[in-house]
Amino acid sequence: MNLKQLIKKMTLEQKLAQLSQFTADCLSVTASGAISGPAGELALTKEQVSATGSTLNYIGADMMKGIQDEHMQNDPNKIPLLFMQDVIHGYRTIYPIPLAIGASFDDQLAEDCCRMAAKESALGGVHVVFSPMVDLARDPRWGRCMETTGEDPYLNSQMARAMVRGYQGKMKGKYDVAACVKHFACYGGAEAGRDYNTVDMSMRNLQDYYLPAYKAAIDEDVEMVMTSFNLLNGVPSSGNKWLMNDTLRKKWGFDGIVISDYNAIREMNMHGYCATEKDCAEKSIKATCDIEMRSATYLQQVPNLIIEGKIKMKDIDKAVLRVLKLKEKMGLFENPYLVADGEKEEKVCLCKEHREIARKAAEKSAVLLKNNGVLPFDTSAKKVAVIGPFADKGMIGFWACLGKAEEAVSVAQGVKNLLPDATVTCQEGCSSKLNETDISGVEKAVELAKESDIVILTVGEEAYHSGEGNSRAEIKLSIAQQTLIKQVVKANPKTAVVLFNGRPLVLNGIIDDMPALVDAWQPGTEGGNAIANLLFGKVNFSAKLPMTFPKTEGQIPIYYNSFRTGRPKGDDSSDAGYCSRYQDVGNLPLFPFGYGLSYSTFQISKPTLSTNVITKKDKLVAEVTVKNTSNVDGEVVLQAYIGDDYASLVRPVKELKDYKKVMLKAGEEKTVKFKITEEMLRFWSANDKFESEYGSFTLWISDCSDTGESVKVEYVKKR
Ligand code: NOJ
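### What about the overall build of the chain?
Within the chain, the regular secondary structure consists of 21 helices and 27 strands. Dimensions of the chain, computed from the C-alpha atoms along their principal axes, are close to 70 × 65 × 45 Å. The proportion of buried residues among the 719 residues of the chain is 61%. Summarising the internal contacts of the chain: among those between residues at least 6 apart in sequence, 78% fall at separations of at least 24.

Right under this line is the structure:
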């Protein structure tokens, strides 16, 4: 199709409608042509609604087809709608939240999950998924940590790439959907972890930590980018020309569609950046934000901006062309439904194969945080108590798209499935309310614990305790949940605590009471089966924390790749004055990034190097031998960290540069090699670019960010 020709035929209003996205409830024009409801509130006209370019928030293929049919009848240019949806961790078969997927350190797993989500979405009529969300998160108070893959730019970048590959394939297959990386940029840097809050950061913090994962998605050819709600150094992202035009498009070469977040263009007025809606539209168009989501400043303000010469028609045409190109690429002009099919959708969603992917993902993302030996439980247990507010509840988490909690397997159900001959009894003990103090149910739970062989104690957060708008100032368990843990463990020490959470939680004051602790995150449709398999040793743990667990909220922000200070305090054991430390809790976190136990034990050698010098073109190979010293088969995540000892801009003590998952049979030993290249040594320098500097570096290869023997590497001009 000649898209430029088509654009020539379009009126300005029709072009602006292509650049506008409204929720599905805005799109219906009644027989009389009257506009009411949400579209009426936005003061949209019938013509504008009929020519709209894209939509979000609808349910399933049948609804999608109905909307598309109506649209195709009314649209004067017969341009099909693009259907977009928040497919964040699954469409209907829900796999663990992205933070959990980060914990898997398994790129292939992330890709497989997104591939599965793409198929279900495509059958459900989705063309674009608003994922991956790659915002770096260092503040667990922020509710949207659950949507990120954590605190590390390298892990986030690898995950971003894997997810884009999973969704998009080569954008040729029938189940390939377009991905939309978000939220550009630095949404995770919100001050004090309060959602939508200000982000203020230095250029090097931005370049070294916050921007790389978006760039990784661009390098993987992601089709779309979504702006973020926040101010970045004084400018809201949706009107930020430096971000969108100069960085994303000019520097990184992105030629796809940029969409604003929901109402974010109009919110530039609330931010105090634009005095009027007209100003909002002008700033966003000039910044090259193509589609306005759920507000109508483009439709209502751009015509006057064009008349006044403030915006050029050619810029509008460029934006429209980008939108039409994606429609053409996806084949919508030939078939406006693509593969949407209600019957197939019903068949494929939650099919055995998809449930298996979801189960595997939940198994590979649950982190064993503590085990005094009580786990794995004996499968010969006859009486199993499942206690706590989440004992018999499907835990699918926030942003679960079309997923339903009642279609998910609870822990109690998972144990019943695994041990059909055991008696599995549930007792809530207390409610899940954040500030619950009512402990009247604890007594019954204690009675049940006493008469049971083993106890699984489920605590933590509901889905809606994290996610958008759900920040928390205190991230502890409620008094009621803490009391429940203490009393139940006292009654039966053969207790394993299973934590459901969308963020790291503060567990100080209660962790010592727990014989074993499993972080199950929000594990999704197959959560219960996965948890049962892990607790009873059918499957081994392999996941590692993608975000640091602080001891207390006062330590936040706390992350592994931090700087030394001129007065460092190495550990918390000694009482050194006048150094960088907290007197009351020390500096160390409860659990660091990269931490996670297994039923196996591993011994990792000190790295040996092929040579200890590298040059710009000569890499080196670092090698470790890793041995499974236990009698249980297990998988270990080897993590390669590098620290730049001295630099013109001081570097963090260490940074993750690579990771590999290695499967080892009981007693088995393997040699694992890591390539160390000059590229790994680069950072954002005072010359405003990524460069490396000659000098000495420290290298660790370990199974956690705070352990491992190190070796020195020299970066030199010539060998
Ligand atoms: C707001 C959220 O910030 C964004 O992540 C989401 O994709 C849009 N709403 C659309 O639902």
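### Section: the side chain of Glu461
Of note, Glu461 is situated in the loop between β14 (454–460) and α20 (479–491). Since its relative accessible area comes to 0%, Glu461 is described here as buried. Within the structure, the side chain of Glu461 is placed 2.5 Å from the side chain of Arg503, a separation counted as a polar contact. Apart from the residues within four sequence positions on either side, Glu461 is in contact with Phe390, Met395, Ser466, Arg472, Phe500, Asn501, Gly502, Arg503, Leu505 and Gln522.

### Notes on the sheet that holds strand β26 (residues 695–702)
Spatial ordering of the open sheet is given by β19-β27-β26-β21-β22, a layout of 5 strands whose pairing is mixed. Since the sheet does not close on itself, it has two edges, and those belong to β19 (613–614) and β22 (655–664), each with one partner. Direction of pairing for β26 relative to strand β27 (residues 710–715): antiparallel, over a ladder of 6 bridges. Note on β27: the bridge partner recorded for Leu699 is Val711.

### Here's the deal with the environment of Arg141
Take Arg141: it is sitting in the loop between β4 (128–129) and α8 (153–168). Spatially, the C-alpha atoms of Arg141 and Asp279 are 33 Å apart, while their sequence positions differ by 138 residues. Beyond its immediate chain neighbours, meaning those up to four positions away, Arg141 contacts Ala192, Gly193, Ser471, Arg472, Ala473, Ile475, Arg503 and Ile556.

### So, the pairing of β14
In terms of burial, β14 is a largely internal element, 7 of the 7 residues being buried. Here β14 shows no split at all, with Ile454, Ile456, Thr458 and Gly460 on one side and Val455, Leu457 and Val459 on the other all buried. This β-α-β element, β14 to α20 to strand β15 (residues 495–500), shows right-handed connectivity.

### As for the domain arrangement of the chain
What the domain assignment reports for the chain is domain 1 (353–535) and domain 2 (602–715). For domain 1 and domain 2, the distance between their C-alpha centres works out to 35 Å.

### Points about the environment of Val621
Looking at where Val621 falls in the secondary structure, it is placed in strand β20 (residues 620–628). With 56 residues separating them along the chain, Val621 and Thr677 place their C-alpha atoms 8.8 Å apart. Apart from residues no more than four positions distant in its own chain, Val621 is found in contact with Thr608, Leu609, Ser610, Lys673 and Phe674.

### Quick look at the packing of helix α17 (residues 352–365) against helix α21 (residues 527–535)
One can describe the packing of α17 onto α21 by two numbers: an axis separation of 8 Å at closest approach and a directional angle of 45°. When the interaxial angle is binned, α17 and α21 end up oblique. Two packed elements cross with a definite hand, and for α17 against α21 that hand is right-handed. On the side of α17, the interface is formed by Arg359, Ala362 and Glu363, while α21 contributes Gly527, Asn529, Ala530, Asn533 and Leu534.

### Quick look at the site of the ligand
Contacts to the ligand come from Leu56, Asp86, Phe130, Arg144, Lys182, His183, Met226, Phe229, Asp261, Tyr262, Met293 and Glu468. Between the ligand and Arg144, the relevant distance is 2.7 Å, taken from an oxygen atom to a side-chain nitrogen or oxygen of the residue. Residue composition of the shell around the ligand, by class: 6 nonpolar, 1 polar and 5 charged.

### Description of helix α19 (residues 442–450)
Taken residue by residue, α19 has Val442, Ala445, Val446, Leu448 and Ala449 as its buried positions. Projected down its long axis, α19 carries its buried residues within an arc of 160°, all on one side. Seen from the buried face of α19, the exposed residues on the opposite side, beyond 90 degrees, are Glu443, Lys444 and Lys450. The inward-facing, buried residues of α19 contact β12 (383–387), β13 (423–427), β14 and α20.

### Examining the packing of aromatic side chains
Aromatic ring pairs: the centre-centre distance and the angle between the two ring planes describe each pair. Enumeration according to the criterion identifies 19 aromatic pairs in this entry. Measuring from centroid to centroid gives 5.4 Å for Phe541 and Tyr599, while their planes differ by 75°, and the two rings are edge-to-face. Linking Phe541 in the loop between α21 and β17 (602–604) with Tyr599 in the loop between α21 and β17, this pair joins segments that are 58 residues apart in sequence. Taken together, the ring pairs in this structure connect Phe105, Tyr154, Tyr560, Phe593, Tyr641 and Tyr659 into an aromatic cluster. Sitting over the ring of Trp399, Lys182 keeps its end group 5.7 Å from the ring centre.

How each quantity is defined
Residue positions are given per chain, counting from 1 as you read along its sequence in written order. Predicted model: local features are reported for residues with pLDDT of at least 70 only, side-chain atom pairs are reported and counted for 80 or more only, and whole-chain, interface and lining totals are derived from all residues. Only hydrogens and water are set aside; all other atoms, that is, all heavy atoms of the structure, feed into the side-chain values. The secondary structure listing takes helices from DSSP runs of H or I that are at least 4 residues long and strands from runs of E that are at least 2 residues long, numbered from the N terminus. Using a 1.4 Å probe on the protein chains alone, a residue whose accessible area is under 20% of its type maximum counts as buried, one over 50% counts as exposed, and one in between counts as partly exposed. Contact criterion: two residues are considered in contact whenever any of their non-hydrogen atoms come within 4.5 Å of each other. For the purposes of these results, a polar contact is taken to be a pair of N or O atoms within 3.5 Å, where, inside protein, one atom must be able to donate a hydrogen and its partner to accept one; residues adjacent in sequence count only when each atom of the pair is a side-chain atom. Should DSSP find at least two bridges between two strands, the strands are regarded as paired. A right-handed crossover is one whose linking path, passing over the helix from the first strand to the second, runs clockwise when the strands point away from the viewer. Where each domain starts and ends comes from a domain assignment, either automatic or drawn from a database. Orientation is described by lines fitted to C-alpha atoms, with helices fitted over the stretch in contact, and by angles between N-to-C directions that extend from 0 to 180 degrees. Reported orientations rely on four angle classes, namely roughly parallel under 35 degrees, roughly antiparallel over 145, roughly perpendicular from 65 to 115, and oblique for the rest. By convention the crossing between two helices is left-handed if the near helix lies anticlockwise of the far one by an angle smaller than a right angle, and right-handed if it lies clockwise. Neighbouring residues are identified by heavy atoms, a residue being near a molecule or strand if any of them is within 4 Å of it. Residues are grouped as follows: Ala, Val, Leu, Ile, Met, Phe, Trp, Tyr, Cys and Pro are nonpolar; Asp, Glu, Lys and Arg are charged; every other residue, Gly included, is polar. Arc, as used here, means the arc of the directions from the helix axis to the C-beta atoms. Side-chain rings of Phe, Tyr and Trp (the six-membered ring for Trp) are treated as a pair once their centres are within 6.5 Å; stacked means planes under 30 degrees apart, edge-to-face means over 60, and tilted covers the remaining angles. Working rule: Lys NZ or Arg CZ, within 6 Å of ring centre, within 35 degrees of ring normal, means a charge sits over the ring.

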